[in-house]
Amino acid sequence: MDFDAILKHLGSFGKYQIILYCCMGWQSICVAMMNLSAVFFFYAPDFRCAIPGLENDTFDVVDAHHESLINATIPPGETCKIYSAGGKGVNQTMEPCSSWVYDRSLFTSTAVTDFDLVCNQEIFSSVVTMAYMFGFLCGGFIGGALTDRFGRLTVLVIGTFLQGAAAVGFALSVNVYMLIAFRFLMGLFSMPAYAAAFVYAMEIVGPDRRTDVGLGIGIFYAFGTVFVTPLAYFIRNWVYLVIALTVPCLLIVPYWCLLPDSPRWLIAKGYKEAAVKFVKKAAKVNKKIVPEKLLQDDETDFKTIEDVPKGSIIEVFKNGSLLRRTAIVFFNWGAAAIGYYGLSLNSGNLVGDIFVNFLVQGAIEIPAILFAMFTLDRIGRKGPHVFSIMLCGVSCLATIPVVFFADQSLNWLLVVLSNVGKLGVTAAFSIIYVYTAELYHTTVRSASIGVCAIGARVFSMAAPYIADLGKLIGGKYAQLLPLVIFGSAAIIAGFLACFLPETMGNDLPDTLEDALNLGKKSKKKGRKKEDQIPADNPGFVTNGDISLEMKEKKC
């Protein structure tokens, strides 16, 4: 059974595939909701030390007596220390306080206020977010193997269910160590589930639609980010917000009974009857006719994932030119990842309304991905990528004169520049996956993408610490320093990417020689639409280029 031949009769992206694609897109929405909502979970409001012995102390000043107690107990401008002996004097000593009161005008409760993640405990907010990124990294290692062994649908459903269970545990945590553990598990389980959904989506469409479908997953992700905003606006308690974000994700569990598994996986594993059932159902919904002879067994015409030759990443390190190319691509993945996650998490530190900032930064991903869709097949890979990541860098660095030379009335420019940076880095992150797959020859392509994906996860683990630098230094640098770091990394990455060859118009390289000759010559006819490589979502990357298995016929 040759599923690509069957798709010529079913249609590359018919009604049935669209329905299944939207079902897979729901998983991307769920991942986005759990991923970046940490901005609200760990929102740090204004706070000060609690007055010792005053049980009903509040952040807001109640009356003149309350104000006098505050002045007598807490040094001016201090949030982590109190006077050690109660009176106020020239030689009065100070000591750290052990309890705090918080401004609850915006959120009634966050993880920061419930677990006192302030002062010497402030670093734990970043640690929890880093644990989530580390879970993503670990999940990426096992995601591809699990989906290939147990099936796309099985891993999708079980992974989503376990992610939901971990989210409930996260919401019900009683100490910061439980927060770290359950947040790690959320990332660990969500990555294989996302990988399964992404691969499933790529395997049910024709080769001519894979690029657009792969990039389109990012649009679902953007919608997921947007959906968080109204929920966070109306649910100001972080525990209830976590539960509210978890419930929609559990709608994926019934997929096990309602949806078929990927037809390509079914064929590859020998489940021919289930594959035929899928094809007949798709033909009925799409109102197409599939010749019966195409549903017969003919294993000589069908190559499974296991048929694609595997190479070692050592091949890359043995060749100087390819090693330099890999170093450049690796840094570009890292810069895109740290910029994407960093700017998203930094939205809570910007001036203005946190809900508006978060909403705009989520919605701006949609035109960024549409830009990538429009330019990849018309302009190329290198030019749009360099432009996009440079746009991010320039926008972030442009905040320097705003902070130093503009008054507070122009602070809105910081928000605008940050959003432009998010626009650029989202487009760059969408393009770099396509670009990377085309820069390497067949035997090391999957391994190279895997290495770069790992690099992106490692870099993204630093994003929460950089985004939280503003909390540590305070003042006018609080908003500036993270943006400068993200911008500098993007500028360097864009400059280095200028030394990469253009791949549009070239066939996929099959040998090392083909890979090294990229950019030196191009095909007159250019690459056909069906030979293009799908792009992944900017937030998440699967292990390996699963979408190649059906078209590497030369192997």
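Rules used throughout
- Residues numbered from 1 in each chain as written.
- Predicted model: local features only at pLDDT ≥ 70, side-chain atom pairs only at ≥ 80, totals over all residues.
- Heavy atoms only, no water.
- Helix = DSSP H or I, 4+ residues; strand = E, 2+ residues; numbered from the N terminus.
- Buried < 20%, exposed > 50% of the residue type's maximum accessible area, 1.4 Å probe, protein only.
- Contact = heavy atoms within 4.5 Å.
- Areas by Shrake-Rupley, 256 points an atom, 1.4 Å probe, with all protein chains shown as cover.
- Disulfide = S-S within 2.5 Å.
- pLDDT = per-residue confidence, 0-100.
- Phe/Tyr/Trp six-rings, centres within 6.5 Å; stacked < 30°, edge-to-face > 60°.
- Lys NZ or Arg CZ within 6 Å of the ring centre and 35° of its normal.
- Salt bridge = Lys/Arg side-chain N within 4 Å of Asp/Glu carboxyl O.
- Polar contact = N/O pair within 3.5 Å; in protein donor to acceptor, adjacent residues only side chain to side chain.
- Axes fitted to C-alpha atoms, helices over the stretch in contact; angles between N-to-C directions.
- Parallel < 35°, antiparallel > 145°, perpendicular 65-115°, else oblique.
- Left-handed = near helix turned anticlockwise from the far one by under 90°.
- Nonpolar A, V, L, I, M, F, W, Y, C, P; charged D, E, K, R; others polar.
- Arc of directions from axis to C-beta.
- Expected span 1.5 Å × (residues − 1).

### Details of the overall build of the protein chain
A tally of regular secondary structure across the protein chain gives 24 helices and 4 strands. The proportion of buried residues among the 555 residues of the protein chain is 57%. If you take every contact in the protein chain between residues at least 6 apart in sequence, the share linking residues at least 24 apart comes to 80%. If you sum the accessible surface of the protein chain, you get close to 22,400 Å²; carbon and sulfur atoms cover 64% of it.

### Some thoughts on the state of the cysteines
Scanning the model with the defined rule gives 2 disulfides in all. The side chain of Cys49 participates in a disulfide bridge whose partner is Cys97; the two sulfur atoms lie 2.0 Å from each other. Around the S-S axis, the bridge from Cys49 to Cys97 shows a dihedral of about -65° and counts as left-handed. On the criterion of sequence distance, the pair formed by Cys49 in strand β1 (residues 47-49) and Cys97 in the loop between β3 (94-96) and β4 (100-102) is long-range, its members being 48 residues apart. On the basis of relative accessible area, Cys97 is assigned to the buried category, the value being 10%. Here the disulfide map of the protein chain reads 1-3, 2-4, the bonded cysteines being numbered as they appear in the sequence.

### Some thoughts on the confidence of the model for the protein chain
This prediction gives the protein chain a mean pLDDT of 82; 86% of its residues lie at or above 70. Residue range residues 522-555 is modelled with pLDDT below 50. Its contacts to residues more than four positions away, or to other chains, number 135 contacts.

### Examining the packing of aromatic side chains
Enumeration over the complete set of coordinates arrives at 30 aromatic pairs. Between Tyr43 and Phe107, the ring centres sit 5.2 Å apart and the planes meet at 50°, which makes this aromatic pair tilted. Of this pair, Tyr43 sits in the loop between α3 (38-41) and β1 while Phe107 sits in the loop between β4 and α5 (111-115), and the two are 64 residues apart along the sequence. Look at Phe107 and you get buried, because its relative accessible area is 6%. Ring centres 5.5 Å apart and planes at 80° place the aromatic pair Phe495 and Phe499 in the edge-to-face group. Owing to a relative accessible area of 57%, Phe499 belongs among the exposed residues under this scheme. In this structure, Arg183 packs its charged tip against the face of Tyr132, placed 3.9 Å from the ring centre. Over the face of the ring belonging to Tyr233 we find Arg236, whose NZ or CZ atom lies 4.8 Å from the ring centre.

### Regarding the pattern of salt bridges
Tallied over the full model, the rule gives 6 salt bridges. Asp148 is the partner of Arg152 in a salt bridge, and the nearest nitrogen-oxygen pair spans 2.9 Å. Within this structure, Asp148, Arg152 and Glu203 form a network of salt bridges that share partners.

### Focus: the side chain of Arg48
Relative to the helices and strands, Arg48 is located in strand β1. Here Thr58 takes part through its backbone oxygen, which lies 2.5 Å from a polar atom of the side chain of Arg48. Leaving out residues up to four positions away in the same chain, Arg48 has contacts with Asp57, Thr58, Phe59, His66, Ile70, Ile74, Thr79, Trp100 and Val101.

### Describing the packing of helix α15 (residues 320-345) against helix α18 (residues 382-397)
Their axes nearest at 12 Å, the elements α15 and α18 cross at an angle of 45°. In terms of orientation, α15 lies oblique with respect to α18. Between α15 and α18 lies a crossing of left-handed hand. Seen from α15, the contacting residues are Asn332, Ala335, Ala336 and Leu343; seen from α18, they are His385, Ile389, Cys392 and Cys396. Looking at the contact of α15 with α18, its residues break down into 6 nonpolar, 2 polar and no charged.

### Topic: the environment of Ile364
The topology assignment puts Ile364 in the loop between α16 (354-363) and α17 (365-376). For the pair Ile364 and Val420, spaced 56 residues apart in sequence, the C-alpha separation works out to 8.4 Å. Not counting the four nearest positions on each side in its chain, Ile364 is found in contact with Asn419, Lys422 and Leu423.

### Some words on unusual backbone geometry
You will see that Cys119, though not glycine, has its phi angle at about 55°, which is positive. Despite not being glycine, Lys287 has its phi angle at roughly 60°, a positive value. Its place among the elements puts Lys287 in the loop between α13 (272-286) and α14 (314-318). On the basis of relative accessibility, which here comes to 75%, the residue Lys287 falls in the exposed class.

### A short note on helix α4 (residues 64-73)
Within the sequence span of α4, burial applies to His66, Ile70 and Thr73. Within α4, the buried residues cover an arc of 80° as seen down the axis, which keeps them to one side. The outward face of α4, more than 90 degrees from its buried face, is lined by the exposed residues Ala64 and His65. Buried-residue contacts for α4 involve β1 and β2 (81-83). One side-chain oxygen at the N-terminal end of α4 lies 3.2 Å from the backbone nitrogen of His65; it belongs to Asp63.

### Some thoughts on helix α7 (residues 152-171)
Taking 1.5 Å of rise per residue, 20 residues should cover 28 Å, and α7 covers 28 Å from first to last C-alpha, within 8% of that figure. The buried fraction of α7 is high, at 14 of 20 residues.

### Things to note about the side chain of Ser388
Position of Ser388 among the secondary structure elements: in helix α18. You can call Ser388 buried: its relative accessible area is 2%. A distance of 2.7 Å separates a polar atom in the side chain of Ser388 from the backbone oxygen of Pro384. With residues near it in sequence (within four places) discarded, Ser388 still touches Phe371, Gly424, Val425, Ala427, Ala428 and Ile431.

### Structural notes on the packing of α17 against helix α20 (residues 412-439)
Contact pair α17 / α20: the axes reach a minimum separation of 8 Å and the direction vectors enclose 40°. The angle between α17 and α20 places the two elements in the oblique class. The two elements α17 and α20 meet at a crossing, and its hand is right-handed. In contact with Glu365, Pro367, Ala368, Ile369, Phe371, Ala372 and Leu376 of α17, α20 contributes Lys422, Leu423, Thr426, Ala427, Ser430, Ile431 and Val434. Here the contact of α17 with α20 is composed, by residue class, of 10 nonpolar, 2 polar and 2 charged.

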